[in-house]
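Each chain, written out:
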Protein chains: 2
Amino acid sequence: MNYAVFGTGVVGRTLAAKLATQGHKVTIGTRDVERTLAQTDSEESFAAWSAAQPDIALATFADAAATADTVVNATAGTSSLAALRAAGAENLHGKLLIDVSNPLDFSRGMPPTLDPVGTDSLGEQIQRAFPEARVVKTLNTMNCSVMVEPGLVPGPHNVFLCGNDAEAKERTAELLLSFGWPQDALIDLGDITAARATEQALPLWVQLWGVVGHGNFNFRIQQAD
Amino acid sequence: MNYAVFGTGVVGRTLAAKLATQGHKVTIGTRDVERTLAQTDSEESFAAWSAAQPDIALATFADAAATADTVVNATAGTSSLAALRAAGAENLHGKLLIDVSNPLDFSRGMPPTLDPVGTDSLGEQIQRAFPEARVVKTLNTMNCSVMVEPGLVPGPHNVFLCGNDAEAKERTAELLLSFGWPQDALIDLGDITAARATEQALPLWVQLWGVVGHGNFNFRIQQAD
C-alpha cells in the first residue's frame with residue numbers, strides 16, 4: 001500500500017516507521033518541507049531521524065496525499081484541519097483517512113483540554129470538512145509506541161475504531177491486525193460520532209499517565225459474557 | 001456508620017441497599033418525601049421498593065444529611081447542586097461527601113452530553129459550592145450494580161477516586177474495599193480536578209454499553225511494570 005502520514009512529530013514518525021518496516025511505500029506529509037528539515041525543536045531533529053529512514057519520503061501534504069491510497073492524520077489535533085485543507089479535498093477524495101489525532105489544547109497548561117468537546121469531535125469535523133474521504137478514527141486512546149506494538153502492554157487490551165464507511169473500517173482493522181493487535185482487541189464503536197467518546201477518553205489517559213509514570217498502558221474493557 | 005444517600009433512582013437505591021446490608025444506618029434523601037412515595041415513573045415505584053427495605057429511612061435532603069456522617073450523592077448530575085443546596089452547607093460541613101454522579105444532559109437525546117465539560121466538572125462544582133465538605137469523586141465510571149458488586153465483572157478491573165482530602169479518600173477506599181473491590185483495583189487520580197477525567201469517560205462508557213449490550217463491564221487499566 002501507499003501511505004501518506006501527516007505529521008512530523010513522534011506519532012507520525014512512529015507510524016511511518018512501522019508502515020515502512022512492513023514494506024509499504026510511505027511519505028510523510030508536512031506543511032513546508034524545507035522548514036521540517038531545518039526543525040530542531042524536538043528531541044531528535046527531523047533531519048537526523050529522516051537520515052536513518054532512507055525509505056520514507058518527505059513531501060508537502062498535497063504531494064504526499066496525491067499519490068497515496070491511504071492518509072494517516074497524525075498531526076496535532078489543533079492543526080489537523082489546516083493540514084488536511086492544505087492537502088486538498090481532491091487528494092483525499094474516496095480515500096481511507098485514518099485519524100489518530102486528538103484535539104488537545106495545551107494553551108491553558110496541563111492538563112490539556114479538548115476543543116471541540118461534547119457535542120462535536122475532531123473526527124466528525126474532519127468527516128464534515130471532507131465528505132468524500134472515508135474517515136476512520138482509531139488508535140487515539142494510547143501512546144504511539146503502543147499503537148504499533150501492542151505487546152508493550154501485557155495481557156489483553158483494546159483499540160477502538162469508528163467511522164461511517166464499513167469497508168474503510170475493515171481496511172483499518174486489517175492494518176491494526178498487521179500491527180499485532182488481536183482480532184478480539186478491536187472494538188467497533190459505530191459511526192464517526194463515536195469519536196466524541198474516544199477523544200473524551202484522553203483526559204483520563206493523561207491523568208493515568210501521571211499515575212502510571214510511563215506510557216506503556218492502555219484501556220481494557222473487562223466484561224461479563 | 002450513618003449514611004445519607006441522595007437520590008431515589010436506581011443508583012441511590014442500589015447504594016442504599018448495599019450499605020444497609022452491611023449494617024450501616026442509611027437514610028435516603030429526597031426533595032419531597034410525599035412526592036417520592038407517590039412516584040410511579042420508574043420501573044418499580046419507590047414506595048414498593050421501600051416497603052421491602054424496612055431498615056432504610058426516607059427523609060428530606062436536609063434531615064438525611066443532618067444526622068449522617070457521610071453523604072453519598074447519587075442524584076442525577078443535572079440536579080446534584082440543587083439537592084446539595086437543599087441539604088444545606090451546615091449539614092455537609094466537615095463531612096465526607098462521596099460523589100458518584102455524572103453531569104449527563106439528555107435534553108438533546110442520545111447519546112447524552114456532559115455539562116460542565118472540559119475545563120470544569122461536577123465534582124469540582126460541588127467542592128467549590130461546599131468548600132467545607134470533603135468531596136471524593138468515585139464509582140462514576142460504571143453501572144451501579146458493578147459499584148456494589150465488582151465480581152459481576154470477571155477478572156481485574158478498576159475504580160478511580162479523586163479528591164482534595166487524603167483522609168476522606170482513605171475512608172472512601174475503606175468503603176470500596178467493603179464493597180468487594182480489591183486494594184489494587186483502586187486508582188487514586190489525585191485532587192478533585194481529576195473529576196474532569198472520570199466524568200469525560202462517560203461518553204465512552206455509554207458507547208460501550210451499546211456495543212456490549214449490558215452494563216456488566218468496566219474499565220481495566222492494563223500496564224507494563
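The rules we used
Residues numbered from 1 in each chain as written. Chains lettered and ligands numbered in written order. Predicted model: local features only at pLDDT ≥ 70, side-chain atom pairs only at ≥ 80, totals over all residues. Helix = DSSP H or I, 4+ residues; strand = E, 2+ residues; numbered from the N terminus. Rg over C-alpha atoms; globule rule 2.2 N^0.38 Å. Buried ≥ 20, exposed ≤ 12 C-beta atoms within 10 Å, placed from the backbone. Contact = placed C-beta atoms within 7 Å. Least-squares fit on C-alpha atoms with pLDDT ≥ 70 in both. Pairing = 2+ DSSP bridges. Axes fitted to C-alpha atoms, helices over the stretch in contact; angles between N-to-C directions. Parallel < 35°, antiparallel > 145°, perpendicular 65-115°, else oblique. Left-handed = near helix turned anticlockwise from the far one by under 90°. Nonpolar A, V, L, I, M, F, W, Y, C, P; charged D, E, K, R; others polar. Core = buried A, V, L, I, M, F, W, Y, C linked by C-beta atoms within 7 Å. pLDDT = per-residue confidence, 0-100. Expected span 1.5 Å × (residues − 1). Arc of directions from axis to C-beta.

Some points on the overall build of chain A
Reasoning step 1: Within chain A one finds 11 helices and 11 strands.
Reasoning step 2: In summary, chain A has a C-alpha radius of gyration of 16 Å against a globular reference of 17 Å for 225 residues, a match within 12%.
Reasoning step 3: Looking at chain A as a whole, 50% of its 225 residues are labelled buried.
Reasoning step 4: Within chain A, residue pairs in contact and separated by at least 24 positions form 76% of the contacts whose partners lie at least 6 positions apart.

Brief notes about the relation of the copies chain B and chain A
Reasoning step 1: Under the fitted operation, chain B is carried onto chain A by 0.0 Å of movement along the axis and a turn of 180 degrees, and the coordinates agree to an RMSD of 0.0 Å. A rotation of that kind, with that shift, is consistent with a two-fold axis.

As for the sheet that holds strand 9 (residues 159-163) of chain A
Residue and element names in this part refer to chain A.
Reasoning step 1: Read across the sheet, eight strands follow the order 3-2-1-4-5-8-9-10 without closing on themselves; strand pairing throughout is mixed. The two strands at the open ends of the sheet, each matched to only one other strand, are strand 3 (56-60) and strand 10 (186-190). Direction aside, the axes of adjacent strands within the sheet are offset by 25 degrees on average.
Reasoning step 2: Looking at chain direction, strand 2 (residues 25-30) and strand 3 are connected through five bridges and run parallel.

What to know about the environment of M110 of chain A
Reasoning step 1: Mapped onto the fold, M110 of chain A is located in the loop between strand 6 (104-105) and strand 7 (113-114).
Reasoning step 2: Each C-alpha atom, one on M110 of chain A and one on N73 of chain A, is 24 Å from the other, the two residues being 37 residues apart in sequence.

Notes on the pairing of strand 8 (residues 134-138) of chain A
Note on strand geometry: in a regular strand, side chains alternate between the two faces of the sheet.
All names here are of chain A.
Reasoning step 1: In terms of burial, strand 8 is largely enclosed, as five of its five residues are buried.
Reasoning step 2: Burial along strand 8 is two-sided: R134, V136 and T138 and V135 and K137, pointing in opposite directions, are all buried.
Reasoning step 3: Sheet analysis places strand 8 next to strand 9, joined by three bridges and oriented antiparallel. Bridge pairing in strand 9 links V136 to G163.

Quick look at the packing of helix 5 (residues 80-87) of chain B against helix 7 (residues 122-129) of chain B
All names here are of chain B.
Reasoning step 1: For the pair helix 5 and helix 7, interaxial distance at closest approach is 10 Å and the crossing angle is 20 degrees. Considering the angle they form, helix 5 stands roughly parallel to helix 7. Helix 7 is crossed by helix 5, and the crossing has right-handed handedness. Two secondary-structure elements touch here, helix 5 through S80, L81 and L84 and helix 7 through L122, Q125, I126 and A129.
Reasoning step 2: Its residues placed into classes, the contact of helix 5 with helix 7 shows five nonpolar, two polar and no charged.

Thoughts on the nonpolar core
Reasoning step 1: Formed by 123 residues in total, the largest nonpolar core has its most connected members in V5 of chain A together with V5 of chain B.
Reasoning step 2: Apart from residues lying up to four places away in sequence, V5 of chain B is in contact with G12, L15, A16, V26, I28, G29, V72 and A74 of chain B.

Some thoughts on the sheet that holds strand 9 (residues 159-163) of chain B
Residue and element names in this part refer to chain B.
Reasoning step 1: What the eight strands build is an open sheet, ordered 3-2-1-4-5-8-9-10; its pairing is mixed. Taken across any chain shown, the strands that pair with only one partner, and hence form the sheet edges, are strand 3 (56-60) and strand 10 (186-190). Direction aside, neighbouring strands of the sheet carry axes that sit 25 degrees apart on average.
Reasoning step 2: Along the sheet face, helix 7 touches strand 5 (96-99) and strand 8 (134-138) and points at about 170 degrees away from the line of strand 8.

Points about the interface of chain B and chain A
Reasoning step 1: Across the contact, 33 residues belong to chain B and 34 residues belong to chain A.
Reasoning step 2: Looking at which element gives the most residues to the side of chain B that touches chain A, the answer is strand 11 (residues 217-223) of chain B, with seven residues.
Reasoning step 3: Among the residues forming the side of chain B that touches chain A, the class breakdown is 19 nonpolar, 12 polar and two charged.

Brief notes about the confidence of the model for chain A
Reasoning step 1: Model confidence for chain A is summarised by a mean pLDDT of 96, while 100% of its residues fall at 70 or above.
Reasoning step 2: Prediction confidence for the complex, expressed as pTM and ipTM, is 0.96 and 0.95 respectively.

So, helix 1 (residues 10-21) of chain B
Residues and elements named next belong to chain B.
Reasoning step 1: Between the first and last C-alpha of helix 1 there are 16 Å, a value that for 12 residues agrees with the 16 Å anticipated at 1.5 Å per step.
Reasoning step 2: Where helix 1 is concerned, the buried positions are V11, G12, R13, T14, L15, A16, K18 and L19.
Reasoning step 3: Buried residues along helix 1 sit against strand 1 (2-6), strand 2 (25-30), helix 3 (46-51), strand 3, strand 4 (70-73) and helix 8 (144-148).

Quick word on the pairing of strand 4 of chain B
Residue and element names in this part refer to chain B.
Reasoning step 1: Here strand 4 shows a buried face lined by T70 and V72 and a second buried face lined by V71 and N73.
Reasoning step 2: Two elements, strand 1 and strand 4, share four bridges in a ladder whose sense is parallel. Within the sheet, the bridge partner assigned to V5 lies in strand 4 and is V72.
Reasoning step 3: As paired elements, strand 4 and strand 5 share four bridges and run parallel to each other. By the bridge assignment, N73 is partnered in strand 5 with D99.

Topic: the environment of N73 of chain B
All names here are of chain B.
Reasoning step 1: Mapped onto the fold, N73 is located in strand 4.
Reasoning step 2: Residue N73 is classed as buried on the basis of its C-beta count, with 30 C-beta atoms lying within 10 Å.
Reasoning step 3: Sequence separation of N73 and L97 is 24 residues, and the distance between their C-alpha atoms is 7.1 Å.
Reasoning step 4: Sequence-distant contacts of N73, defined by excluding residues within four places in its chain, comprise F6, S80, L84, L97, I98, D99, V100 and S101.

As for helix 9 (residues 166-178) of chain B
All names here are of chain B.
Reasoning step 1: Here helix 9 spans 18 Å end to end across 13 residues, near enough to the 18 Å set by a 1.5 Å rise per residue.
Reasoning step 2: Buried within helix 9 we find A168, K169, T172, L175 and L176. Down the axis of helix 9, the buried side of the element spans an arc of 115 degrees, and every buried residue falls inside it. Of the exposed residues in helix 9, those oriented more than 90 degrees away from the buried face are A166, E167 and E174.
Reasoning step 3: Looking at the packing, one finds that the buried side of helix 9 touches strand 5, strand 8, strand 9 and strand 10.
Reasoning step 4: With its phi angle positive at about 110 degrees, G180 sits one or two positions after the end of helix 9.

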